[in-house]
Amino acid sequence: MVRVGIAGIGFMGVTHFNAYEKVEGAQVTAIFTRDPKKLAGDWSAVRGNFGGAGGVRDVSGLKCYSDLALMLADPDVDLIDLCLPSYVHRDVAIEAMQAGKHVLVEKPVALTVPDADAMIAAAAQLGRMLMVAQVLRFWPEFAIIKDLILSGEYGHLRAAHFKRVISRPDWAGDGNWFADPSKTGGPVVDLHIHDTDFVQYLLGTPAAVSSSGVVAANGEVEYLVTEYQYPGQNVCVSAQSGAIATKGIEFEHGYDVYFEHAMLKHNSSTTPAVEVYTADGQKSELKPRIEDAFAEQLRTAIGGVASGTLPPQLDPVTARNSLATVLSEAHSARLGQPVALA
């Protein structure tokens, strides 16, 4: 049994808490939050840009910490599930590993590449497992693309175009830290990284990125469209993301993906199923192999801790590379010209 301490009972912490109930071999033994109501199990104020509120939970069987250091020192915790704001990821992850814990950190791995590198170096030095939760790799409607590339069922991938938009979040705790780009990285690092990471998961790191975007007066890129360049692969891939939607659409994502012998279409608002259009003119729906993205992601993490083997889907180096790529995309949008990746 892998014993889990969840650091942070916000939208993602609650989402992970609920998903662990579906994961065999895992037991949430502790939580950390400074909010007295949350410590008592009242999570009704928690909400996000999809799904419902947190509700009220019986936490009588848990160790409920208001002091993070005490949870990190708890001998009944093997894995810290780090769901705190992005700007504290580096420090908390390293402190947790120094305390002898393995760490699963929510995306983004960090806000800067040097911070991500420091986390990866600490994991290697301390002999602890650092994993990064880039959940789109496990999202049923997206993971099926990877499955089809590997199987070759519809031939080679020719093109893929991804979309992800939200309205500006106003639901975060701690004075709505989401509104401060110095704490989130802004929409590019907090949101767009989903699709950039998934593109990299499919095809590897691009040679260059070419982005255009909507840039605020303070330099924050609020929305962008990127073309990922893969010379010699004869593939065309783009993604558009940003906090540009109005409140009528709090969250929407989807794609058009073109294989040699089929086209896949998915949109969470208009085409919730994965539709496939084949060369014979037929249309059908594909059933993904994964049912619950968060449960599958956590199941993979728990399996990694139990076996002592880092799961490739949670590799922090690839998450670090995705962070480097989105930062280059923001730079490209500000410059108005392509940026090569080292």
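Residues numbered from 1 in each chain as written. Predicted model: local features only at pLDDT ≥ 70, side-chain atom pairs only at ≥ 80, totals over all residues. Heavy atoms only, no water.

A. The overall build of the protein, seen in detail. Secondary structure summary: the protein contains 11 helices and 15 strands in total. Against the globule reference of 20 Å for 342 residues, the protein gives a C-alpha radius of gyration of 20 Å, in line with a compact fold. Here the C-alpha coordinates of the protein stretch approximately 55 × 45 × 45 Å along the principal axes. Within the protein, the fraction of its 342 residues that count as buried is 54%. A separation threshold of at least 6 residues defines the contact pool for the protein, and within that pool the share at least 24 residues apart is 70%. For the protein, the exposed area adds up to about 14,400 Å²; of that, 51% sits on carbon and sulfur atoms. (Helix = DSSP H or I, 4+ residues; strand = E, 2+ residues; numbered from the N terminus. Rg over C-alpha atoms; globule rule 2.2 N^0.38 Å. Buried < 20%, exposed > 50% of the residue type's maximum accessible area, 1.4 Å probe, protein only. Contact = heavy atoms within 4.5 Å. Areas by Shrake-Rupley, 256 points an atom, 1.4 Å probe, with all protein chains shown as cover.)

B. Spatial organisation of the pairing of strand S4 (residues 79-82). Here S4 shows two buried faces, one formed by Leu 79 and Asp 81 and the other by Ile 80 and Leu 82. Pairing geometry for strand S1 (residues 2-7) and S4, over four bridges, is parallel. Looking at S4, one finds that Gly 5 is bridged to Ile 80. (Pairing = 2+ DSSP bridges.)

C. Representation of helix H4 (residues 89-98) in the model. Buried within H4 are the following residues: His 89, Val 92, Ala 93, Ile 94, Ala 96 and Met 97. Against helix H3 (68-72), S4, strand S5 (102-106), helix H5 (113-126) and strand S6 (130-133) lie the buried residues of H4. Among the residues trailing H4, Gly 100 stands out with phi positive, at a value near 90 degrees.

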